[in-house]
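# Descriptive structure summary
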Amino acid sequence: AQSVTQPDIHITVSEGASLELRCNYSYGATPYLFWYVQSPGQGLQLLLKYFSGDTLVQGIKGFEAEFKRSQSSFNLRKPSVHWSDAAEYFCAVGGHSGGYQKVTFGIGTKLQVIP
Amino acid sequence: NAGVTQTPKFRILKIGQSMTLQCTQDMNHNYMYWYRQDPGMGLKLIYYSVGAGITDKGEVPNGYNVSRSTTEDFPLRLELAAPSQTSVYFCASRTGDSRETQYFGPGTRLLVL
């Protein structure tokens, strides 16, 4: 069964500092991997995705993520955090199961940005 | 292009009452999903649909029902509301390509007392 682990429930960083949010997945084949962001009271918005090719993917809002098959990881990074990045971030893994795409979400990492 | 819309935004139900959460998308997506989000639990799939007339259960379907009579609409029905159904409900849709993202609605916050 596929699964996603986000080991950090809550992270606090200073504005301007770098950020790395961890994500580990379990999946039997090459997975489709996603990072979503959820601002308070809002739905989820896609930041970036990986399904093949270059293992370093660029997303919106200056985010990037690197797929490391050997570590079963897909960590999200940003070199300099802005106050507006404060939100909850979800990693997700998708793949085919029984003829449909099943997407499994992690429990989320809540990011707090301090001035 | 409105994307995925959900109504209502917030609702309070009494135990045993019923209600329908509405979801509409205008992107002509075949796949539609209903999730619930509970604090510290991520998103759990309730039901999904791969096209009009076709629905199937997800991880947590008990206490819910769905229908898909049109491509655009995917309502979620709660027949006998229970406190355990207090949650935030998200509808999502996507194209038939598994590599494509799901587009999420803004959510419906439901409180069952």
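The structure we're discussing is the one just above.
Residues numbered from 1 in each chain as written. Chains lettered and ligands numbered in written order. Predicted model: local features only at pLDDT ≥ 70, side-chain atom pairs only at ≥ 80, totals over all residues. Heavy atoms only, no water.

## Remarks on unusual backbone geometry
In the segment running from Thr7 of chain B into Pro8 of chain B, the intervening peptide bond is cis, with an omega of -10 degrees. Relative to the helices and strands, Pro8 of chain B resides in the loop between strand E1 (4-7) and strand E2 (10-13). One non-glycine residue with positive phi stands out, namely Ser72 of chain A, at about 50 degrees. Among the structural elements, Ser72 of chain A can be located in the loop between strand E8 (64-68) and strand E9 (73-78). Although it is not a glycine, Asn28 of chain B sits at a positive phi angle of roughly 60 degrees. The exposure class of Asn28 of chain B is exposed, given its relative accessible area of 60%. (Helix = DSSP H or I, 4+ residues; strand = E, 2+ residues; numbered from the N terminus. Buried < 20%, exposed > 50% of the residue type's maximum accessible area, 1.4 Å probe, protein only.)

## Here's the deal with the interface of chain B and chain A
In this assembly, 21 residues from chain B lie in contact with 20 residues from chain A. Together chain B and chain A conceal approximately 1700 Å² of surface at their shared face, both sides included; 56% is due to carbon and sulfur atoms. Our count for the contact surface shared by chain B and chain A stands at two residue pairs in polar contact (both at pLDDT 80 or more). Contributing elements (two or more residues each) for the side of chain B that touches chain A: strand E4 (31-37), strand E5 (43-51) and strand E9 (87-94) of chain B. Among the residues making up the side of chain B that touches chain A, the classes are represented as eleven nonpolar, seven polar and three charged. (Contact = heavy atoms within 4.5 Å. Buried area = accessible area lost by both parts, 1.4 Å probe. Polar contact = N/O pair within 3.5 Å; in protein donor to acceptor, adjacent residues only side chain to side chain. Nonpolar A, V, L, I, M, F, W, Y, C, P; charged D, E, K, R; others polar.)

## With respect to the state of the cysteines
One pass over the full model with this rule turns up two disulfides over all chains. Shown here is the disulfide that connects Cys23 of chain A with Cys91 of chain A, its sulfur atoms set 2.0 Å apart. Its S-S torsion of approximately -65 degrees makes the covalent link between Cys23 of chain A and Cys91 of chain A left-handed. Taken together, the residues Cys23 of chain A in the loop between strand E3 (19-21) and strand E4 (24-26) and Cys91 of chain A in strand E10 (residues 87-97) connect sequence positions 68 residues apart. Each member of the pair Cys23 of chain A and Cys91 of chain A is classed as buried. A disulfide bridge connects Cys23 of chain B with Cys91 of chain B, and the sulfur atoms are separated by 1.8 Å. In this structure the cystine formed by Cys23 of chain B and Cys91 of chain B twists about its S-S bond by roughly -70 degrees; its chirality is therefore left-handed. Of the two residues, Cys23 of chain B sits in strand E3 (residues 19-25) while Cys91 of chain B sits in strand E9, which places them 68 residues apart along the sequence. We note that Cys23 of chain B, like Cys91 of chain B, is buried. (Disulfide = S-S within 2.5 Å.)

## Some remarks on the nonpolar core
Among the nonpolar cores identified, the biggest contains 26 residues, and Leu19, Trp35, Leu47, Leu48, Phe74, Leu76 and Tyr89 of chain A are the most heavily contacted of them. Broken down by element, the residue count for this core peaks at four residues, all from E10 of chain A. Setting aside residues up to four positions removed in sequence, Leu76 of chain A forms contacts with Leu19, Glu20, Leu21, Trp35, Leu47, Leu48, Phe63, Glu64, Ala65 and Tyr89 of chain A. The next biggest cluster of nonpolar side chains, apart from the first, holds 19 residues, and it includes Met32, Trp34, Tyr64 and Tyr89 of chain B. (Core = buried A, V, L, I, M, F, W, Y, C linked by side-chain atoms within 4.5 Å.)

## Examining the sheet that holds strand E8 (residues 76-78) of chain B
All names here are of chain B. Strand order across the open sheet formed by four strands is E1-E3-E8-E7, with antiparallel pairing between neighbours. Unpaired on one side and paired on the other, E1 and strand E7 (64-66) mark the two borders of the sheet. Shown here is a sheet whose adjacent strand axes are inclined to one another by a mean of 20 degrees, direction ignored. Note that E3 and E8 share three bridges and pair antiparallel. (Pairing = 2+ DSSP bridges. Axes fitted to C-alpha atoms, helices over the stretch in contact; angles between N-to-C directions.)

## A few points about the packing of aromatic side chains
Applying the stated criterion across every chain, the model contains 13 aromatic pairs over all chains. Taking the centre distance of 6.5 Å and the plane angle of 45 degrees together, the rings of Tyr50 of chain A and Phe74 of chain A count as tilted. On the criterion of sequence distance, the pair formed by Tyr50 of chain A in strand E6 (residues 44-50) and Phe74 of chain A in strand E9 is long-range, its members being 24 residues apart. No difference in accessibility class separates Tyr50 of chain A from Phe74 of chain A, as the two residues are buried. Taken together through their ring pairs, the aromatic side chains of Phe34, Tyr36 and Phe105 of chain A together with Tyr33, Tyr35 and Phe104 of chain B make up a single cluster. One residue, Arg68 of chain B, lies across the ring of Phe74 of chain B, its end atom 5.9 Å from the ring centre. The aromatic ring of Tyr31 of chain B is capped on one face by Arg94 of chain B, whose charged end is 4.0 Å from the ring centroid. (Phe/Tyr/Trp six-rings, centres within 6.5 Å; stacked < 30°, edge-to-face > 60°. Lys NZ or Arg CZ within 6 Å of the ring centre and 35° of its normal.)

Don't take any of this as a statement about function, it's just geometry.
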